[in-house]
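Observations on the three-dimensional arrangement
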Amino acid sequence: MSALRELQLAFGDAVVNGGSVQEVLDHRPGRSARMDLYRNNYYSNMTEALRATYPVVEKLVGAEFFRHAVRRYIQRYPSTSGNLHDYGDSFSEFLSAFPPVAELPYLPDVARLEWAWHEVFHEKASHPALNLAALAAVPEGRHGELRLQFNCATRLVSSLYPVLHIWEVNQDDYLGDMQVHMDEGACHLLVIQRNRTVEIHHLGAGEHAFLQSLAVGRNLQTALTDAQKTETGFYLATALQRHFQLGTLVGWELDDDHHDFISLENNYVHIH
Amino acid sequence: MSPVVTSLSRRPSGPLPSVTGIGLRAPHYRRILEDRPALGWLEVHSENYFGNGGVPAYFLERFRNQYPLSLHGVGLSLGSTDPLDRGHLEQLRELISAYEPALVSEHLSWGSVGGRYLNDLLPLPYTEEALDHLVSRVQQVQESLGRQILVENISCYLQYGHSTIPEHEFLSSLAARSGCGILLDINNVYVNARNHGLDAEQYLRAMPPALVQEIHLAGHTVNTIEDATGRQEILIDTHNQRVCDDVWALYTLALGLMGAKPTLIEWDTDLPDLDVLLDEKRHADQLQESRHVRVA
């Protein structure tokens, strides 16, 4: 192993776990305090990144507890990217297995909602390019085979708890009643970037099942069946209209024959 | 895609002008878009605009149509002994092709080892081994980006006992051997000189003027550290206040030594009103102008 690599491994360990690299430092005073500076910088940079992504979780548990929790998180889930915006994707998973917050069962779901918001903010929105004339030309008998394409800047979040209400009352500009009753029950949410802001919309249970089914690549017929299994009163036309309008769905293709590729990205149809 | 073509044609192009720019930070977006202050150019942290675009990219596109741009990376971990992160490099390459920056820079540091990222600018030992490693890394980066990068000297809070090359020599050799340019951070030179008892003026005099393509100016904080081995003052590169008088004096010296260079006012934490940055920018511009007057 090269001397440089050996040094970096020892330095990394000293920063994260408090190991020593004293032997390679020069002989000026304050050597261990100098390493402490790097250690403190490391934990405070990572903590600030998580605070920026998870402001509602921080509010819910308080600043001091948040610092304690994220220190554990940082030790257990090291960053694997040079881009600090990528850090924190497992925070919800960490919170669900972190005993001190077991009495806040909604907390991991709030974290998932905040991570979805963060991802949608940084994601490039797909522009709807629906060629309605081409869609109308698809024979009715084949409608069930359509695959609807999702806007990249969308995420679906679903929880047994009223996490959107929790999220809303913890926004800095919120002025209303702070009470949230857990018996408000489950919620299904669409997080979507529109007009350069991130919006969160409530979804019906069937609507959520429908979108989730489409998101994993199922065709329209299967997604409809999935939605109706969840909610018998699910109405396809209403859901389609809403999500074409919101921009959740941005295109479509017919998939039974892979040579028929209908791209709406450029507003014209290729048939090879 | 005609709107994109139109916006490309409006973009300021060519090398950065040798005047002062500022580091663009989100809380100032609105003011800059509304007032369009006369800024020579803007610099952003590359990683803030990574990914496929998103809301930050929309704003960057608007700024890019009005100002020349420099991309300043903090996450490439240039000096690491881990393999280069090809994914990171690819995202940087995409960013460069989308925004056509005049300059692309990174740091003389490392920030990851064994797959773990510390997301910090960590100091390198200045040895022949480290120099060879850096030359090869910079060459790999320049090859895969298809362009020159600048490498910036960082602030260090410790020194390695086995370093054998003075930092200014290390940086100049790196530039000469790899073909990269130098981003000279005068605040970092000053911070290191105070922290390690070095001579900042000698550092500047040793810089090859032609290889320095950009200068950074920023503020720092004076702290005290203490442990069993002793107590001493330490300067921390916090980018949270105005440039100090000593650093302005070094900047004036640098202008005399190497002529006017694109200069950046950097401010990252406790971000003040934009007016404070514009005031610092004016001061840097005045120093550049008075240099011309003296020469005349």
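This write-up is about the structure you can find in this document. Since the structure is predicted, the reported quantities are computational estimates derived from the model, not experimental observations.

Okay, the overall build of chain B next. Each helix and strand in chain B was counted, giving ten helices and twelve strands. The globule rule puts the C-alpha radius of gyration for 296 residues at 19 Å, and the 19 Å found for chain B is close to it. Along the three orthogonal principal directions, the C-alpha set of chain B runs to about 65 × 45 × 40 Å. Buried residues in chain B amount to 59% of all 296 residues. Of the contacts formed within chain B by residues at least 6 apart in sequence, a portion of 79% connects residues at least 24 apart. Surface accessibility of chain B: about 11,500 Å² in total, with carbon and sulfur atoms responsible for 51%. Of the charged side chains in chain B, 23 are positive and 38 negative; the average position of the first set lies 7 Å away from that of the second.

What follows deals with empty space enclosed by the protein. Residues and elements named next belong to chain B. This model, assessed by the stated rule, comprises one cavity of 30 Å³ or more. Reported here for the largest cavity is a volume of approximately 70 Å³. Contributing elements (two or more residues each) for the lining of the largest cavity: β4 (103–107), β5 (110–113) and β6 (116–122). Take the lining of the largest cavity: its biggest share by element is four residues, from β6.

Take the interface of chain B and chain A next. On the chain A side, the residues contacting the 51 residues of chain B number 44 residues. Of the roughly 4,200 Å² buried where chain B meets chain A, counting both sides, 57% is carbon and sulfur surface. For chain B, the biggest contributors to the area lost against chain A are V55(B), R116(B) and N119(B); these three give 15% of the whole. Among the ionic pairs, R5(A) bridges to D82(B), the shortest N-O distance being 3.0 Å. Breaking the side of chain B that touches chain A down by element, the ones donating at least two residues are α3 (54–64), β5, β6, α5 (128–145), α7 (186–196), β10 (221–227) and β11 (230–236) of chain B. Top element by residues in the side of chain B that touches chain A is β6(B). It accounts for seven residues. For the side of chain B that touches chain A, the class distribution of residues is 21 nonpolar, 23 polar and seven charged.

Below, the discussion takes up the packing of helix α4 (residues 86–99) of chain B against α5(B). Helices that pack against each other are described as a pair by the angle of their axes relative to one another and the distance between those axes. All names here are of chain B. Where α4 contacts α5, the two axes come as close as 10 Å, and the packing angle between them is 45°. It follows from the interaxial angle that α4 and α5 lie oblique. Viewed along their axes, α4 and α5 form a crossing whose handedness is right-handed. Of the residues in α5, those in contact with R86, L89, L92, R93 and I96 of α4 are Q140, V141, S144 and L145. In terms of residue class, the contact of α4 with α5 is made up of five nonpolar, two polar and two charged.

Residue and element names in this part refer to chain A. The three strands lie next to each other as β2-β3-β4, forming an open sheet whose pairing is antiparallel. Looking along the sheet, the strands with just one partner apiece sit at the ends: β2 (154–159) and β4 (197–203). The average angle at which neighbouring strand axes cross in this sheet is 25°, direction not considered. Taken together, the seven bridges between strand β3 (residues 187–194) and β4 define a ladder with antiparallel strand orientation. Its bridge partner lying in β4, V191 is registered against I200.

We now examine the sheet that holds strand β9 (residues 212–217) of chain B. All names here are of chain B. Reading around the circumference, β1-β2-β3-β4-β7-β8-β9-β12 is the order of the eight strands in this closed barrel, with parallel pairing throughout. For this sheet, the mean inter-axis angle between neighbouring strands, taken without regard to orientation, is 25°. Seen against the sheet, α7 touches β7 (150–152), β8 (181–185) and β9 and runs at an angle of roughly 60° to β8.

This paragraph deals with the pattern of salt bridges. When charged atoms on two side chains of opposite charge get close, those side chains can pair. Residue and element names in this part refer to chain B. Scanning all chains against the criterion turns up 28 salt bridges over all chains. Its salt-bridge partner being R31, residue D273 comes within 3.4 Å of it at the nearest N-O pair. Of the two residues, D273 sits in the loop between β12 (263–265) and α10 (274–295) while R31 sits in helix α2 (residues 29–35), which places them 242 residues apart along the sequence. Judged by its relative accessible area of 28%, R31 falls in the partly exposed class. For R31, the salt bridge identified is with D275, shortest N-O distance 3.0 Å. Remark: D275 occurs in helix α10 and R31 occurs in helix α2; sequence separation between them is 244 residues. One connected set of salt bridges, linked through shared partners, spans R31, D35, D273 and D275.

The next thing to look at is the packing of α5(B) against helix α6 (residues 167–178) of chain B. Residues and elements named next belong to chain B. Packing of α5 against α6 leaves a shortest axis separation of 9 Å and a crossing angle of 45°. With respect to their mutual orientation, α5 and α6 come out oblique. Crossing of α5 over α6 shows right-handed handedness. Contacts between α5 and α6 involve A130, L131, D132, L134, V135, V138, Q139 and Q142 from the first element and F170, S173, L174, R177 and S178 from the second.

It is worth spelling out helix α4 (residues 63–76) of chain A at this point. With 14 residues, α4(A) ought to run about 20 Å at 1.5 Å a step, and its terminal C-alpha atoms sit 20 Å apart, in line with that. Listing the buried residues of α4(A) in full gives F66(A), A69(A), V70(A), Y73(A) and I74(A). Mapping the buried residues of α4(A) onto a view down its axis gives an arc of 140°, with all of them on the same face. Looking at the buried positions of α4(A), the neighbouring elements they touch are α2 (31–53), α3 (55–61) and α5 (91–96) of chain A together with β6 of chain B.

Cut-off values and rules
Residues numbered from 1 in each chain as written. Chains lettered and ligands numbered in written order. Predicted model: local features only at pLDDT ≥ 70, side-chain atom pairs only at ≥ 80, totals over all residues. Heavy atoms only, no water. Helix = DSSP H or I, 4+ residues; strand = E, 2+ residues; numbered from the N terminus. Rg over C-alpha atoms; globule rule 2.2 N^0.38 Å. Buried < 20%, exposed > 50% of the residue type's maximum accessible area, 1.4 Å probe, protein only. Contact = heavy atoms within 4.5 Å. Areas by Shrake-Rupley, 256 points an atom, 1.4 Å probe, with all protein chains shown as cover. Lys, Arg positive; Asp, Glu negative; His and termini not counted. Charge placed at Lys NZ, Arg CZ, Asp CG, Glu CD. 1 Å grid on protein atoms, 1.4 Å probe; cavity = no way out; pocket = protein on both sides within 12 Å on 5 of 7 lines; lining within 4 Å. Points joined across faces, edges and corners; volume = space filled by probe spheres on them. Buried area = accessible area lost by both parts, 1.4 Å probe. Salt bridge = Lys/Arg side-chain N within 4 Å of Asp/Glu carboxyl O. Nonpolar A, V, L, I, M, F, W, Y, C, P; charged D, E, K, R; others polar. Axes fitted to C-alpha atoms, helices over the stretch in contact; angles between N-to-C directions. Parallel < 35°, antiparallel > 145°, perpendicular 65-115°, else oblique. Left-handed = near helix turned anticlockwise from the far one by under 90°. Pairing = 2+ DSSP bridges. Expected span 1.5 Å × (residues − 1). Arc of directions from axis to C-beta.

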